[in-house]
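Analysis of the macromolecular model
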Amino acid sequence: MADKTTDNTEISKIRKSRKPTKCYSLTDFIVTKKKNVKKRKKTFVKKISSKPVKKGKFKRKKPSTLKKKILKERIKKKLLNEEHLEKIEEVAEELEELKIEEKEVTICDQQVNQPIVKHSRNFRDYCDHFSTPEIKHYSEVVITDLFRYQTNKYQENPIKAKANRRYVVGFNEVKKFLHVERLKLLFIAPDLEKNAQIDKLVAEIKEMADKSKTPYVFGLKRRKLGFLLIKKVPISIIGIFDYQGTTENVNILLDLVKQEKLSYKNKTGQ
């Protein structure tokens, strides 16, 4: 038994001796600070498709009767323009062959040919007065003030704000409240689309306003009116119920409009 124990001890010693001996140097005992390296999180980017995904049912708005009539007139205008272009080309070819005699134009002829008031796309012929920069400025101030008052009231109490509105937008709404004689002021855009239906509506509104003695202003364009009321769509008409808080600005604006109406009548002779 003693021989076996001696053999075991010798084998264990041999096994231990096989292990490699470590050699240490002074650099192994120097302490170095590790840098604080933050592990970056992997971000997964989802590929977004070019087409926007719309949830729920998408219902298209039905166009109103007025909109349908306007679209019909636009199609008619396009067809007429195409016919006119063909005729113009034919006339131009005929004129090239003919010789036109040059005629001296006198100063009197020039004065007769020149129009007294120039109406354009931005200043239509239904306007009763000129739109000066002062009128534009005061009309902008009045609309911004009324919009601010209404938004503040809506934040306080939305039910009361809806009941006591400051203004209304659109031809149908304006006609409805003009019939009841509730409106005190109107802002009509001077650059409305050339259309028989729109011209009829404007003429009706002007007649109703004259009967109820409500003043109307042709100051700001459609895009500007929409921008002031923070709407994505251009606005053609605004009817105002109450302008308390900006009465001074309204009075100045109406005085300027009266002056411009007189100057317009003197120039046109209407």
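Position numbers for residues count from 1 along each chain, tracking the sequence in the order it is written. In keeping with the model being predicted, local features are shown solely for residues with a pLDDT of at least 70 and side-chain atom pairs are shown and tallied solely at 80 or more, while totals for entire chains, interfaces and linings include all residues. Side-chain numbers here rest on the full set of heavy atoms in the structure, without hydrogens or water.

A pair of strands is labelled paired if DSSP reports no fewer than 2 bridges between them. Where helices and strands are cited, they refer to DSSP runs of H or I of at least four residues and of E of at least two residues respectively, numbered from the N terminus. Across the sheet, 4 strands lie side by side as 1-4-2-3; this open sheet has mixed pairing. Two strands lie at the open edges of the sheet, namely strand 1 (167-169) and strand 3 (216-217), each paired on one side alone. Relative to strand 4 (residues 237-240), strand 2 (residues 185-188) runs antiparallel, the two being bridged by 4 bridges. Paired with phenylalanine 187 across the bridge in strand 4 is isoleucine 238.

Any Phe, Tyr or Trp ring, taking Trp's six-membered ring, that has another such ring centre within 6.5 Å forms a pair; planes under 30 degrees apart are called stacked, those over 60 apart edge-to-face, and the others tilted. Across all of its chains, the model carries 5 aromatic pairs by this definition. Considering the side-chain rings of tyrosine 126 and phenylalanine 218, the 5.8 Å spacing of their centres and the 55° angle between planes classify their relative orientation as tilted. Pair noted here: tyrosine 126 is in the loop between helix 3 (107-113) and helix 4 (133-156) and phenylalanine 218 is in the loop between strand 3 and helix 8 (222-228), with a separation of 92 residues, a long-range link. Buried means the residue's accessible area, taken with a 1.4 Å probe over protein chains only, is under 20% of the maximum for its type, while exposed means over 50%, and partly exposed covers the values in between. Judged by its relative accessible area of 8%, tyrosine 126 falls in the buried class. A residue is classified by how much of its surface remains accessible, and phenylalanine 218, at 0% relative accessible area, is buried.

A few words on a positive patch on the surface. Judged by side-chain charge, Lys62, Lys68, Lys69, Lys72, Lys76 and Lys200 come together as a positively charged surface patch. Looking at the secondary structure, you find lysine 72 in helix 2 (residues 65-97). On the accessibility criterion, lysine 72 (58% relative accessible area) is exposed. Patch criteria: residues need more than 30% relative accessible area and no salt bridge. Like-charged residues are merged within 9 Å; nonpolar side chains of Val, Leu, Ile, Met, Phe, Trp and Tyr are merged within 5 Å. All accessible areas in this document rest on Shrake-Rupley with a 1.4 Å probe, and a residue is counted as covered only by the protein chains that are shown. By definition here, a salt bridge exists when the distance from a side-chain nitrogen of Lys or Arg to a carboxyl oxygen of Asp or Glu is within 4 Å. A residue counts as positive if it is Lys or Arg and as negative if it is Asp or Glu; His and the chain ends are not included. Here the site of a charge means atom NZ of a Lys, CZ of an Arg, CG of an Asp or CD of a Glu.

A word on the side chain of asparagine 195. When you line up the elements, asparagine 195 lands in the loop between strand 2 and helix 7 (196-212). Note on contacts: a residue pair is in contact if any heavy atoms of the two residues lie within 4.5 Å. When sequence neighbours within four positions are dropped, the list of residues in contact with asparagine 195 reads Ile70, Glu73 and Lys77.

Quick look at the packing of helix 6 (residues 171-179) against helix 7 now. When two helices pack together, their arrangement is captured by the angle between the axes and the distance separating the axes. Axis lines are fitted through C-alpha atoms, for helices just across the contact stretch, and the angle between N-to-C directions can take any value from 0 to 180 degrees. Packing of helix 6 against helix 7 leaves a shortest axis separation of 10 Å and a crossing angle of 25°. Here helix 7 runs roughly parallel to helix 6, going by the angle between their axes. In the packing of helix 6 onto helix 7, the handedness of the crossing is left-handed. Contact residues: helix 6 offers Phe171, Lys175, Leu178 and His179, while helix 7 offers Leu201, Val202, Glu204, Ile205, Met208, Ala209 and Ser212. Gly falls in the polar group here, along with every residue not listed as nonpolar (Ala, Val, Leu, Ile, Met, Phe, Trp, Tyr, Cys, Pro) or charged (Asp, Glu, Lys, Arg). Looking at the contact of helix 6 with helix 7 residue by residue, the classes come out as 7 nonpolar, 2 polar and 2 charged. Should an angle fall under 35 degrees it is taken as roughly parallel, and over 145 as roughly antiparallel, whereas 65 to 115 is taken as roughly perpendicular and any remaining angle as oblique. The sense of a crossing depends on the near helix, which, turned anticlockwise from the far helix by less than a right angle, makes the crossing left-handed and, turned clockwise, makes it right-handed.

This part covers the nonpolar core. By size, the foremost hydrophobic cluster in this structure holds 47 residues, and its most contacted members are Ile143, Leu183, Leu186, Phe187, Leu192 and Ile238. With 6 residues, helix 9 (residues 247-268) is the single largest residue contributor to this core. The residues contacting isoleucine 238, other than those within four sequence positions of it, are Ile143, Tyr167, Val168, Val169, Val174, Leu185, Leu186, Phe187, Leu225 and Leu229. Throughout, nonpolar core names a set of buried Ala, Val, Leu, Ile, Met, Phe, Trp, Tyr and Cys residues whose side chains join them through atoms within 4.5 Å.

Tracing the sequence through the fold places glycine 245 in the loop between strand 4 and helix 9. Looking at glycine 245, the relative accessible area reads 58%, which means it is exposed. Between the alpha carbons of glycine 245 and valine 142 there is a distance of 9.2 Å; along the sequence they are 103 residues apart.

Here we take up a negative patch on the surface. Together, Glu82, Glu83, Glu86, Glu89 and Glu90 make up a region of like negative charge exposed at the surface. Within the secondary structure, glutamate 86 is located in helix 2. According to the relative accessible area criterion, glutamate 86 is exposed, its value standing at 52%.

Once that is clear, we can look at unusual backbone geometry. Even without being glycine, glutamate 181 reaches a positive phi, approximately 65°. The residue glutamate 181 is located in the loop between helix 6 and strand 2 in this model. According to the relative accessible area criterion, glutamate 181 is exposed, its value standing at 57%. For lysine 213, which is not glycine, the phi torsion reads 60° and is therefore positive.

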